[in-house]
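Examination of the molecular architecture
For reference, the chains in residue letters:
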Amino acid sequence: MSETLFEQIIDREVPADIVHETETTLAFRDINPRAPVHVLVIPKTRYRNVAELAAADPRLLADVLSTAATVAEQEGIAEAGYRVTFNTGDDGGQTVYHVHAHVLGGAPLGPEAAPR
Ligand code: 5GP
């Protein structure tokens with residue numbers, strides 16, 4: 001099967017706790033949350049990573065970031081602050097090769113992760 005997990009979530013073939021949807025993006029809770037709020041935002045069109053998305057469709061990348069901001073407002077973390085990350089490639093910790101923004105917040109997050 002060539003579809004990634006996230007395409008299956010877009011197609012509602014795999015269940016997810018969807019918190020927001022637009023014409024071009026989908027936001028759902030991470031199954032393994034690393035913060036009190038941990039939501040993934042994906043474009044409905046598949047690009048492997050944020051670099052490919054930025055090169056091919058900067059407007060769609062803006063949509064992803066706009067949805068991340070909407071989710072932060074909706075989850076009540078916009079004022080206190082939050083983190084948006086795009087893990088990219090194996091060393092970046094990417095495990096699902098359909099670009100996604102992690103929206104993390106709800107507690108002080110500390111510094112960025114150090115190399116393992
Ligand atoms: P990555 O490691 O690629 O940056 O992020 C992939 C994320 O997808 C991980 O944080 C992981 O917990 C999450 N994830 C993996 N499988 C599922 C799933 O079936 N449903 C949801 N909602 N999240 C998942």
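Note that the structure is a prediction, hence the values are computed from the model and not measured.

What follows concerns the site of the ligand. Residues in contact with the ligand amount to 16 residues; listed here are only the nearest, Asp30, Arg34, Asn87, Thr95 and His102. Separating a nitrogen atom of the ligand from a backbone N or O atom of Arg29 is a distance of 2.9 Å. One of the side-chain nitrogen or oxygen atoms of His100 is found 2.9 Å away from an oxygen atom of the ligand. For the ligand, whose free accessible area comes to 520 Å², the fraction covered by protein is 86%. Looking at the shell around the ligand, the elements that each hand over two or more residues are α1 (5-10) and β2 (25-29).

What follows deals with the pattern of salt bridges. Pairing between side chains of opposite charge can happen when their charged atoms approach one another. Considering all chains together, one arrives at 5 salt bridges under this definition. The salt bridge partner of Arg29 is Asp17, with a shortest N-O separation of 3.3 Å. Remark: Asp17 occurs in the loop between α1 and β1 (18-21) and Arg29 occurs in strand β2; sequence separation between them is 12 residues. Among the residues examined, Arg29 registers a relative accessible area of 34% and is labelled partly exposed. Take Asp17: its relative accessible area is 44%, and that puts it in the partly exposed class. A network of salt bridges, in which partner residues are shared, links Arg12, Glu21 and Lys44.

What follows is about the nonpolar core. Counting residues in hydrophobic clusters, the biggest one holds 18 residues, and the most contacted among them are Ala27, Val39, Val41, Leu53 and Val103. For this core, the elements supplying multiple residues, two or more each, are β3 (37-43), α2 (50-56), α3 (58-75) and β5 (101-105). Counting residues per element, this core draws most heavily on α3, which supplies 6 residues. Non-local contacts of Val103, meaning those with residues more than four positions away in its chain, are made with Val37, His38, Val39, Val41, Ala68, Ile77, Tyr82 and Arg83. Among the nonpolar cores identified, the runner-up in size contains 8 residues, and Phe6, Ile9, Ile10 and Phe28 belong to it.

One pair of aromatic rings is described through two measures. These are the centre distance and the angle between the planes. If you walk through the whole model with that rule in mind, you get 1 aromatic pair. Judged by centre distance (5.4 Å) and plane angle (75°), the rings of Phe6 and Phe28 are edge-to-face. Of the two residues, Phe6 sits in helix α1 while Phe28 sits in strand β2, which places them 22 residues apart along the sequence. For the pair Phe6 and Phe28, one class covers both residues: buried.

This next bit is on the side chain of Thr25. If you trace the backbone, Thr25 turns up in strand β2. For Thr25, a relative accessible area of 0% gives the class buried. Within the structure, Thr25 has its side chain in polar contact with the side chain of Thr22 (distance 2.7 Å). Once residues lying within four places of it in the same chain are set aside, the contact partners of Thr25 are Val41, Ile42, Pro43, Lys44, Asp63, Val64 and Thr67.

What follows is about the sheet that holds β2. Taken in spatial order, the 5 strands line up as β1-β2-β3-β5-β4 in an open sheet, and their pairing is antiparallel. The sheet is open, and its two borders are formed by β1 and β4 (82-85), each paired with just one other strand. Neighbour-to-neighbour, the strand axes of the sheet open up by a mean angle of 20°, direction not taken into account. Looking at chain direction, β2 and β3 are connected through 5 bridges and run antiparallel. Bridge pairing links Thr25 to Pro43 in β3. Contacts from α3 reach β1, β2, β3, β4 and β5, with the element oriented near 155° to β3.

Conventions adopted
Residues numbered from 1 in each chain as written. Predicted model: local features only at pLDDT ≥ 70, side-chain atom pairs only at ≥ 80, totals over all residues. Heavy atoms only, no water. Near = heavy atom within 4 Å. Polar contact = N/O pair within 3.5 Å; in protein donor to acceptor, adjacent residues only side chain to side chain. Areas by Shrake-Rupley, 256 points an atom, 1.4 Å probe, with all protein chains shown as cover. Helix = DSSP H or I, 4+ residues; strand = E, 2+ residues; numbered from the N terminus. Salt bridge = Lys/Arg side-chain N within 4 Å of Asp/Glu carboxyl O. Buried < 20%, exposed > 50% of the residue type's maximum accessible area, 1.4 Å probe, protein only. Core = buried A, V, L, I, M, F, W, Y, C linked by side-chain atoms within 4.5 Å. Contact = heavy atoms within 4.5 Å. Phe/Tyr/Trp six-rings, centres within 6.5 Å; stacked < 30°, edge-to-face > 60°. Pairing = 2+ DSSP bridges. Axes fitted to C-alpha atoms, helices over the stretch in contact; angles between N-to-C directions.

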